[in-house]
Amino acid sequence: MSLAIKNGAIFFQGRFIHKEILIGDDGRISKIGNSLVGDESIDASNLLVLPGLIDPHVHLREPGATEKEDFNTGGRAAIAGGFTTVMDMPNNTIPTTTKARYEEKKQLAKKALCDVIVHFGATPDNFDEVKKADPPSMKLYMGITTGHMVITDKATIEKHFALFPKDRPIVVHAADNDPNETKNLAATYDNTEFALALAKKHSRRLHLAHASTGKEITMAKAVKSATVEVAPHYLFLSSKDAESLGATTYGKVYPPLRSEQQRIVLWKYLEQADCIATDHAPHTIEDKENSAAGFPGLETSLSLMLDACDKGFTDKIWVVERMSERVADAFNLKDRGRLGVGLRGDITIVDPKLTWKVSGSGLETKCKWSPFEGRELKGKTVTVVKGGELIYLEGEFQK
Ligand code: DOR
Ligand code: ZN
């Protein structure tokens, strides 16, 4: 069945234009033009029609910690937040660090309503497994995190860089978590510098995860083969909020929320960043109360960014590019991230004027809480099509 998306402003080649989109039986965009007719049609009057968004950084927790999230609930959260593709991190309780586990996770992920791309995890000694699995991307932890995947030995880190295929990104968690801010920032910058130097030396692609300071963005952008992502919680929350949320409970995240001053500097450097990533890291309320680090972000990130556009802090075109095509480019995804004939019929339709209030209990994520509880945000995903299939229509799941 073909599907026409009519009457909206579509994001096409860096701008919004009034055109229609036709998605063919094969789930790919077959035409962009005027007066298109499909077997079915969606009316996008007064709405923005975006390429299906891509999130390069989520933790959907399956297998191993499905009490926090699984591919069903995480996939629904992704779709409700406008993402048709998410990239899942390997730091599960059962880590994605062998070919067998990598293949198993890809199978499990098929039940998600969105597409899931699985990042493979580096350990101090899994070089053969990386080679056997031959993944499109790898995550390397230099700083302590949920799970036990950190690599501190510099020669081992270098060996991973030297062996991983040249054209594929190595996602680096360089952030340190020392409770002392001065110490953790110094260690974070040291780690970042070391990893970037390796990318240069070995001509490797590096993607810097969750930059939380302007300096990390500047450092990454000085290296041609590096890209860098920012997570909205570092733009909209600071250590002041961490205190009111509970420094050791609901306000706890790695890297930690920064000072108000750092948050303002991050906004100054934001324009240079390549990607917006949610770093959706759900934990149950019980686990949060027992000091687990991480925030859910799939259902709030786009709205936070659109709300910031409405307030004049940033620009819609910039945001959409960093949540779609620039992510596709950073991760070599050739078939998505843009609206274009022959590309996948993945479409996110948003209402830039729809104001809603964040309420954890109403979210799709299994964790049912949000650090943004009670915030009023202007801008929301209303309809999502994936591969030509209507999955979410006017805020209701169709399956
Ligand atoms: O706060 C965090 N939570 N930071 C990470 O790096 C990992 C994540 C998680 O998996 O919970
Ligand atoms: Zn993460």
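All values reported here derive from a predicted model rather than from experimental measurement. (Residues numbered from 1 in each chain as written. Chains lettered and ligands numbered in written order. Predicted model: local features only at pLDDT ≥ 70, side-chain atom pairs only at ≥ 80, totals over all residues. Heavy atoms only, no water.)

Participant: How do you make sense of the pattern of salt bridges when you look at a structure like this?
Facilitator: Pairing between side chains of opposite charge can happen when the charged atoms of each approach one another. Inspection of the entire model under this criterion finds 27 salt bridges. Between Lys-386 and Asp-115 there is a salt bridge; the shortest N-O distance is 2.8 Å. Of this pair, Lys-386 sits in strand 18 (residues 376-386) while Asp-115 sits in strand 10 (residues 115-118), and the two are 271 residues apart along the sequence. One exposure class covers both Lys-386 and Asp-115, and it is buried. Among the ionic pairs, Glu-321 bridges to Arg-322, the shortest N-O distance being 3.2 Å. The exposure class of Glu-321 is buried, given its relative accessible area of 17%. Counted as one network, the salt bridges with shared partners bring together Asp-115, Asp-335, Arg-336, Arg-344, Asp-346 and Lys-386. (Salt bridge = Lys/Arg side-chain N within 4 Å of Asp/Glu carboxyl O. Helix = DSSP H or I, 4+ residues; strand = E, 2+ residues; numbered from the N terminus. Buried < 20%, exposed > 50% of the residue type's maximum accessible area, 1.4 Å probe, protein only.)

Participant: Would you explain the environment of Val-253 in this entry?
Facilitator: For Val-253, the location among the structural elements is in the loop between helix 8 (239-250) and helix 9 (260-269). Overall, Val-253 belongs to the buried group, its relative accessible area being 5%. C-alpha of Val-253 to C-alpha of Ala-292: the two residues are 39 residues apart in sequence and 8.0 Å apart in space. Here Val-253 is in contact with His-233, Tyr-234, Ala-293, Gly-294 and Phe-295, once residues within four sequence places are set aside. (Contact = heavy atoms within 4.5 Å.)

Participant: In this structure, what is going on with the packing of helix 6 (residues 214-221) against helix 9? I would like to understand it.
Facilitator: Working note: a packed helix pair is described by the angle between its axes plus the distance between those axes. Interaxial distance between helix 6 and helix 9 falls to 7 Å at its minimum, and their mutual angle equals 30 degrees. Classified by the angle their axes make, helix 6 and helix 9 are roughly parallel. Within the contact between the two elements, helix 6 uses Gly-214, Ile-217 and Thr-218 and helix 9 uses Val-265, Leu-266 and Tyr-269. In the contact of helix 6 with helix 9, the residues fall into four nonpolar, two polar and no charged. (Axes fitted to C-alpha atoms, helices over the stretch in contact; angles between N-to-C directions. Parallel < 35°, antiparallel > 145°, perpendicular 65-115°, else oblique. Nonpolar A, V, L, I, M, F, W, Y, C, P; charged D, E, K, R; others polar.)

Participant: Could you clarify how one ought to interpret the coordination of the zinc ion (ligand 2) in this entry?
Facilitator: Six octahedral donors around a metal ideally sit at 90 or 180 degrees from one another, while four tetrahedral donors ideally sit at 109.5 degrees. Within the first shell, the zinc ion (ligand 2) binds the protein through His-57 (NE2), His-59 (NE2) and Asp-279 (OD), at distances of 2.0 to 2.2 Å. Between the donor residues of the zinc ion (ligand 2), the gaps in sequence give the motif H-x1-H-x219-D. Accessibility classification places His-57 together with His-59 in one group, the buried group. (Donors = N, O, S within 2.8 Å, 3.2 Å for Na, K, Ca; no water.)

Participant: Would you mind going over the environment of Asp-307 with me for this structure?
Facilitator: For Asp-307, the location among the structural elements is in helix 11 (residues 301-310). According to the relative accessible area criterion, Asp-307 is buried, its value standing at 8%. Taking the C-alpha atoms as reference points, Asp-307 and Lys-353, separated by 46 residues in sequence, lie 9.2 Å from one another. The residues contacting Asp-307, other than those within four sequence positions of it, are Glu-376, Leu-377 and Lys-378. Within the structure, Asp-307 has its side chain in polar contact with the side chain of Lys-311 (distance 2.5 Å). (Polar contact = N/O pair within 3.5 Å; in protein donor to acceptor, adjacent residues only side chain to side chain.)

Participant: Would you mind going over the pairing of strand 19 (residues 389-393) with me for this structure?
Facilitator: As defined by bridge partners, strand 18 adjoins strand 19 across three bridges and the pair is classed as antiparallel. If you follow Lys-386 over to strand 19, its bridge partner there is Glu-389. With antiparallel pairing between neighbouring strands as the criterion, strand 18 and strand 19 make up a hairpin whose turn holds two residues, including Gly-387 at a positive phi of roughly 55 degrees. Count of turn residues in the strand 19/strand 20 (residues 396-397) antiparallel hairpin: two residues, of which Glu-394 carries a positive phi of about 45 degrees. (Pairing = 2+ DSSP bridges.)

Participant: Explanation requested: the sheet that holds strand 1 (residues 3-6) in the structure shown.
Facilitator: Strand pairing in a sheet takes place through backbone hydrogen bonds and is either antiparallel or parallel in direction. The four strands lie next to each other as 5-4-1-6, forming an open sheet whose pairing is mixed. Of all strands in the sheet, those with a lone pairing partner are strand 5 (29-33) and strand 6 (40-43), marking the two edges. Ignoring which end each strand starts from, the neighbouring axes of this sheet average 15 degrees apart. Two elements, strand 4 (residues 20-23) and strand 5, share four bridges in a ladder whose sense is antiparallel. Bridge pairing in strand 5 places Ile-23 opposite Ile-29.

Participant: What exactly am I supposed to notice about the side chain of Arg-322 here?
Facilitator: As for its position among the elements, Arg-322 is in helix 12 (residues 316-322). Classification of Arg-322 as buried rests on a relative accessible area of 6%. At 3.1 Å, the side chain of Arg-322 and the backbone oxygen of Ala-273 are in polar contact. Setting aside chain neighbours within four positions, we find Arg-322 in contact with Glu-271, Ala-273, Asp-274, Cys-275, Ile-276 and Val-327.

Participant: What is the right way to read the side chain of His-233 from this model?
Facilitator: You can see His-233 is positioned in helix 7 (residues 232-236). Residue classification places His-233 among the buried positions, given a relative accessible area of 4%.

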